[in-house]
Amino acid sequence: MRPLVEHAYKLASGLDPYLDAISTPPSQICQDLIEASLRHPWADEHKQGRTQFLQKRECCAGALEGRFIATLAKLNNAKTVLEVGMFTGTTTLAVAQALPDDGKVVACEIEEFMRDFSQPWFERAGVADKVDVRLGPASETLDTLAAEGKRFDLAFLDADKTGYLSYYKKLMDHNLIVPSGAIIVDNSLMKGRTYYSGGVKDEMADAIRDFNEYVRQDSRVDVLALPFRDGVTIITRRPQSGEQDEVATGAAHNNVLQRMKLNNKVALITGGGQGIGRAFAHALGEAGAAVAVVDINAKTAQATAEELNGKGIRSIAVTADITKAKECQRMVDTVVSELGGLDIAVNNAGINFNNAAEDTPESEWDMTFNLNTKGLFLCCQAEGKHMLQQGYGRIINTASMASLLVPHPQKQIAYNASKAAVVKITETLGAEWADRGLTVNCMSPGIVNTALIQSDALKPLAKEWITQIPMGRLAEVTDLEAAIVFMASDASSFMTGHNLALTGGHTLW
Ligand SMILES: NC(=O)c1ccc[n+]([C@@H]2O[C@H](COP(=O)([O-])OP(=O)(O)OC[C@H]3O[C@@H](n4cnc5c(N)ncnc54)[C@H](O)[C@@H]3O)[C@@H](O)[C@H]2O)c1
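Owing to the predicted nature of the structure, the values given are computational and were not obtained by experimental measurement.

Concerning the pairing of strand E7 (residues 232–237)
Line of reasoning, step 1. Pairing geometry for strand E5 (residues 177–186) and E7, over five bridges, is antiparallel. Its bridge partner lying in E7, Val 185 is registered against Thr 233.
Line of reasoning, step 2. Of the pairings in the sheet, the one linking strand E6 (residues 221–226) to E7 comprises six bridges and is antiparallel in character. Its bridge partner lying in E7, Val 221 is registered against Arg 237.

The following block contains the structure:
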């Protein structure tokens, strides 16, 4: 018997260190905080009245817990996370580091000492502005957060076990969690004490058992219990039942964010080597599409494709001069043969020359129209032929605010006319192909901070433009990214022949 017990002991006690060993370690600062938390003389602090409760070394979350919640936050694309029970902030720090720059972790903590202990670590890690520690009983803090209208992508329950049920009810009843969010519950198995009491009275295990049973019976949620550390439960909202209409369930049971996903779609972007096109390539790739980066400049096309591949986006570079019909056809054929299809085409390559109308040379007019207008049409034609055959496609052309007004004080008659023509091409194709599964739209950015506006003629004008723009700034390429994903996705299913202006209000004055 004894060797068997020893064997079982070694198996059980080896699990946690092994999990640590085969998982990516936390950041150095997280590790330092974990060590400082483990080393701290908690008994002395309590004796001297600096903490209300006697904190135990085991309360320190360890590396894995922080990594677990941080990973869930990343999987969920979380921006706001609620932590009920912070202790020394090791999980808080790991999550804050995983959130985007404008993300926020709200941590409920009862001990003032813990806030003061963790704050310098948040500052050292450069995440202090992403962490909001709320002192006081968690139950009251949850009421305050609900009254403030706060909403969270994830909530992590890791406080007093007897409070779990009331915290859970508040999270659900006050809708503190967004519909696609989750509640993660720590200690839901208490190393087996919830399902095997061994005849011993155990207030904490009883509370968790009641909690587990209540949640399991709650028809609003799906529950998944995992034997990870001392038990973790993941609670997610149940999708709406099939009896409801698509408004309630989401079209084809997709929520609105799922409808923006481009998984299994193939996109090409002309002029994708730099500027707006490069941002479009990243945005479409981030949304799930495979991306062909097309440019006359082989080097920049290759560099963008490498950036995309580096972040896990299937991508190729295609060198093509889209002013030539043959090249446009070769571009489509290459994309179809190398990426397996073509669903989304963004015709974005364009140039701009600046000259007064009376001085505009014929060659400038021709170069501008060859690329911005004829080249763009030749692309639409080659792409459209393929898409019409498959009965599905999204074409998005980059026009310009110059299609809506005459930008000033710069003189650019050829550019303005070429972009106005892009709108008419878009409207015509949108109408011609509307009943054959294709949508054709265009985007008209205002003045965007790219190489295109760095010419000697345009660069000095930035100050003046800013006075013309109600938002008081130029567009950055990232300002255009969500719109291209929307226009490329099924979310824009009823939009065609439209010219979407993103101008910071420039067209309003
Ligand atoms: N930057 C702005 O303020 C602004 C505003 C509104 C609209 N736009 C339009 O957005 C589009 C992109 O502009 P940007 O600012 O990113 O310009 P950019 O000059 O930074 O990039 C244009 C890209 O097109 C490529 N290209 C040029 N000729 C080509 C050809 N014949 N074949 C294939 N590729 C070619 C270039 O190599 C370059 O990579 C253009 O159509 C432009 O008119 C720009």
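Focus on the confidence of the model for the protein chain
Line of reasoning, step 1. For the protein chain, mean pLDDT is 95; residues scoring 70 or higher make up 99% of the total.
Line of reasoning, step 2. Within the protein chain, strand E11 (residues 344–347) carries the highest mean pLDDT (99), whereas helix H10 (residues 246–249) carries the lowest (88).

With respect to the packing of helix H13 (residues 325–339) against helix H14 (residues 362–390)
Line of reasoning, step 1. At a closest axis distance of 9 Å, the pairing of H13 and H14 adopts a crossing angle of 40°. With respect to their mutual orientation, H13 and H14 come out oblique. The hand of the H13/H14 crossing is right-handed. In this structure, H13 uses Ala 325, Cys 328, Gln 329, Met 331, Val 332 and Val 336 to contact H14, whose residues at the interface are Gly 375, Leu 378, Cys 379, Ala 382, Glu 383 and His 386.
Line of reasoning, step 2. Looking at the contact of H13 with H14 residue by residue, the classes come out as eight nonpolar, three polar and one charged.

Focus on the site of the ligand
Line of reasoning, step 1. Inspection of the region around the ligand gives 27 residues, with Gln 274, Asp 295, Tyr 415, Val 448 and Thr 450 positioned closest.
Line of reasoning, step 2. Here an oxygen atom of the ligand sits 2.4 Å away from a polar atom, N or O, in the side chain of Thr 450.
Line of reasoning, step 3. At the level of secondary structure, the elements contributing two or more residues to the shell around the ligand comprise helix H11 (275–286) and helix H15 (413–433).
Line of reasoning, step 4. In the shell around the ligand, the residues fall into 14 nonpolar, ten polar and three charged.

Some points on the nonpolar core
Line of reasoning, step 1. In terms of nonpolar packing, the biggest core is built from 39 residues, with Phe 68 and Ile 184 touching the most fellow members.
Line of reasoning, step 2. Of the residues forming this core, the biggest block, six residues, is contributed by helix H4 (residues 62–75).
Line of reasoning, step 3. Contacts of Phe 68, omitting those with residues within four sequence positions, involve Ile 184, Phe 228, Val 232 and Ile 234.

Side note on helix H7 (residues 138–147)
Line of reasoning, step 1. For H7, every residue scored as buried is listed here: Ala 138, Thr 141, Leu 142 and Leu 145. One side of H7 holds all its buried residues, which, seen down the axis, span an arc of 100°. Structural note: H7 exposes Glu 140 and Ala 147 on the side pointing more than 90 degrees away from its buried face.
Line of reasoning, step 2. The inward-facing, buried residues of H7 contact strand E1 (80–84), strand E2 (104–109), strand E3 (131–135), strand E4 (152–157) and helix H8 (164–173).

Quick notes on the packing of aromatic side chains
Line of reasoning, step 1. Scanning the model with the defined rule gives nine aromatic pairs in all.
Line of reasoning, step 2. Relative to Phe 211, the ring of Tyr 168 has its centre 5.9 Å away and its plane inclined at 90°; by these criteria the two rings are edge-to-face. Of this pair, Tyr 168 sits in helix H8 while Phe 211 sits in helix H9 (residues 203–217), and the two are 43 residues apart along the sequence. Both residues of the pair, Tyr 168 and Phe 211, belong to the buried class.

Procedures and definitions
- Residues numbered from 1 in each chain as written.
- Predicted model: local features only at pLDDT ≥ 70, side-chain atom pairs only at ≥ 80, totals over all residues.
- Heavy atoms only, no water.
- Pairing = 2+ DSSP bridges.
- Helix = DSSP H or I, 4+ residues; strand = E, 2+ residues; numbered from the N terminus.
- pLDDT = per-residue confidence, 0-100.
- Axes fitted to C-alpha atoms, helices over the stretch in contact; angles between N-to-C directions.
- Parallel < 35°, antiparallel > 145°, perpendicular 65-115°, else oblique.
- Left-handed = near helix turned anticlockwise from the far one by under 90°.
- Contact = heavy atoms within 4.5 Å.
- Nonpolar A, V, L, I, M, F, W, Y, C, P; charged D, E, K, R; others polar.
- Near = heavy atom within 4 Å.
- Polar contact = N/O pair within 3.5 Å; in protein donor to acceptor, adjacent residues only side chain to side chain.
- Core = buried A, V, L, I, M, F, W, Y, C linked by side-chain atoms within 4.5 Å.
- Buried < 20%, exposed > 50% of the residue type's maximum accessible area, 1.4 Å probe, protein only.
- Arc of directions from axis to C-beta.
- Phe/Tyr/Trp six-rings, centres within 6.5 Å; stacked < 30°, edge-to-face > 60°.

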